[in-house]
Amino acid sequence: MLKKLLKYDLKYMIKNMSVFYILAIFFAITTRLLSLPEQSIMIGILSKISSGCVIAMIANIIINVMMRSWVRFRDSLYKDEAYLTHTLPVTKNDLYNSKLIQTLIFFFVGFVIVLLTLFVAYYTPDTWRIIKEYVKSITTGFNMSTAFFIIMAIVLIFLELFNAIQCGFLGIILGYKRNSGKLGFSVLYGFIIYLVAQTLVLGLVFVYGLFDSTVMELFKSTTISIDVNAFKVLALIASILYIVIIFSMSIICKKLLNKGVNVE
């Protein structure tokens, strides 16, 4: 039954997100094409407009994956659609797992589309060289591999944003247990939970630092001449903590759902 639930959730997201994917690729292609010929004033203006649309579509993809995931979660569990949802022969765990997997899939797809869009629109050997030199200027001070820095930055951004989405899920569950002001309290609870999760990651990293002087040095030092191994450990620990928090929060969400749902 989980597969059937996921199929309907994916259809919903495809219907709402496909337009942003198509527009992002379209404007990436037009940006590339407009940058090829010798620039006239009009071509230059059109190129800037197209480039602005690329950035706008990238922002829309990330924001709408988050917003649509929250809206889908709320509507299918607490709004009119919920009257049908809760009559289905499925467990609350399956309902939640479907929403979580759907979010993970489209968040990953969104990341791939964003990277593809940036590549199509802006990649040139010179541009890539400039980016590498800029990143290298950052990582050289830390004596860190450029590839490691880029990979860990992408992983941490992905995990942090995905964690923020799930904080929103938990906020909705708590907010809709109230008798009034459900949407407002959902936003408030979600924001508070996100702050708690971020504080927990930072606190646990600090606790780890009590046993690893290289990591603790990151909390004390005001210079950039810090052991590169400390950054590698910090990035790895932070990634593991985010995964643990995401997994633990999903268990909490499912337990709260199993206690009952107040449909509007």
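Quick caveat: nothing in here was measured; it's all calculated off a predicted structure.

## Let's talk about the pattern of salt bridges
In step 1: Taken as a whole and assessed by the stated rule, the structure comprises 1 salt bridge.
In step 2: With its nearest N and O atoms 3.0 Å apart, the salt bridge here joins Asp 75 to Arg 74.
In step 3: Residue classification places Asp 75 among the partly exposed positions, given a relative accessible area of 22%.

## Some thoughts on the layout of surface pockets
In step 1: The computed volume of the largest pocket comes to approximately 650 Å³.
In step 2: Every residue lining the largest pocket is counted, 20 residues in all, and those nearest its centre are Leu 115, Leu 118, Trp 128, Ile 150 and Ile 154.
In step 3: Looking at the lining of the largest pocket, the elements with two or more residues in it are α4 (92-122), α5 (125-141) and α6 (146-175).
In step 4: Per-class residue counts for the lining of the largest pocket are 19 nonpolar, 1 polar and no charged.
In step 5: Here the second largest pocket defines a volume of roughly 400 Å³.
In step 6: The set of elements that each furnish at least two residues to the lining of the second largest pocket consists of α2 (41-78), α6 and α7 (182-209).

## Examining the packing of α6 against α7
In step 1: Where α6 contacts α7, the axes come no closer than 7 Å and their chain directions differ by 135°. Accordingly, the angle class assigned to the pair α6 and α7 is oblique. As for the relative orientation of α6 and α7, their crossing is right-handed in sense. Judged by residue contacts, Glu 160, Asn 163, Ala 164, Cys 167, Leu 170, Gly 171, Ile 172, Leu 174 and Gly 175 of α6 engage Lys 182, Phe 185, Ser 186, Tyr 189, Gly 190, Ile 193, Tyr 194, Ala 197 and Gln 198 from α7.
In step 2: Along the lines of polarity and charge, the residues of the contact of α6 with α7 split into 10 nonpolar, 6 polar and 2 charged.

## Things to note about the packing of aromatic side chains
In step 1: In total, this model carries 12 aromatic pairs according to the counting rule given.
In step 2: Ring centres 5.2 Å apart and planes at 70° place the aromatic pair Phe 26 and Phe 27 in the edge-to-face group.
In step 3: Look at Phe 26 and you get partly exposed, because its relative accessible area is 46%.
In step 4: Site record: aromatic cluster; members linked through ring pairs are Phe 107, Phe 111, Phe 158 and Phe 162.
In step 5: Residue placement shows Arg 178 over the ring face of Phe 185; its charged tip is 3.8 Å from the ring centre.

## Examining the environment of Ile 245
In step 1: Within the fold, Ile 245 resides in helix α9 (residues 228-258).
In step 2: The exposure class assigned to Ile 245 is buried, which follows from its relative accessible area of 10%.
In step 3: Distance in space between the C-alpha atoms of Ile 245 and Gln 166 is 9.9 Å, their sequence separation being 79 residues.
In step 4: When sequence neighbours within four positions are dropped, the list of residues in contact with Ile 245 reads Asn 163, Gln 166, Ala 197, Leu 200 and Val 201.

## As for the side chain of Ser 239
In step 1: By the secondary structure assignment, Ser 239 is in helix α9.
In step 2: Of the residues examined, Ser 239 reaches a relative accessible area of 7% and is grouped as buried.
In step 3: Every residue in contact with Ser 239, bar those within four places of it in the chain, is listed here: Met 152, Val 155, Leu 156 and Leu 159.

## Considering the nonpolar core
In step 1: Core analysis: the largest hydrophobic core is formed by 53 residues, its most contacted members being Met 17, Ile 61, Phe 73, Tyr 78 and Phe 107.
In step 2: Elements with a minimum of two residues in this core: α1 (2-35), α2, α4, α6, α7 and α9.
In step 3: The greatest single-element share of this core, amounting to 10 residues, is contributed by α6.
In step 4: Those residues in contact with Ile 61 that sit more than four places away from it in its chain are Met 17, Phe 20, Tyr 21, Ala 24, Gly 110, Ile 113 and Val 114.

## Comments concerning the packing of α1 against α4
In step 1: Axis separation between α1 and α4 bottoms out at 9 Å; the angle between their running directions is 10°. By the criterion of interaxial angle, the relationship of α1 to α4 is roughly parallel.
In step 2: Its residues assigned to classes, the contact of α1 with α4 shows 23 nonpolar, 6 polar and 4 charged.

Criteria and thresholds
Residues numbered from 1 in each chain as written. Predicted model: local features only at pLDDT ≥ 70, side-chain atom pairs only at ≥ 80, totals over all residues. Heavy atoms only, no water. Salt bridge = Lys/Arg side-chain N within 4 Å of Asp/Glu carboxyl O. Buried < 20%, exposed > 50% of the residue type's maximum accessible area, 1.4 Å probe, protein only. 1 Å grid on protein atoms, 1.4 Å probe; cavity = no way out; pocket = protein on both sides within 12 Å on 5 of 7 lines; lining within 4 Å. Points joined across faces, edges and corners; volume = space filled by probe spheres on them. Helix = DSSP H or I, 4+ residues; strand = E, 2+ residues; numbered from the N terminus. Nonpolar A, V, L, I, M, F, W, Y, C, P; charged D, E, K, R; others polar. Axes fitted to C-alpha atoms, helices over the stretch in contact; angles between N-to-C directions. Parallel < 35°, antiparallel > 145°, perpendicular 65-115°, else oblique. Left-handed = near helix turned anticlockwise from the far one by under 90°. Contact = heavy atoms within 4.5 Å. Phe/Tyr/Trp six-rings, centres within 6.5 Å; stacked < 30°, edge-to-face > 60°. Lys NZ or Arg CZ within 6 Å of the ring centre and 35° of its normal. Core = buried A, V, L, I, M, F, W, Y, C linked by side-chain atoms within 4.5 Å.

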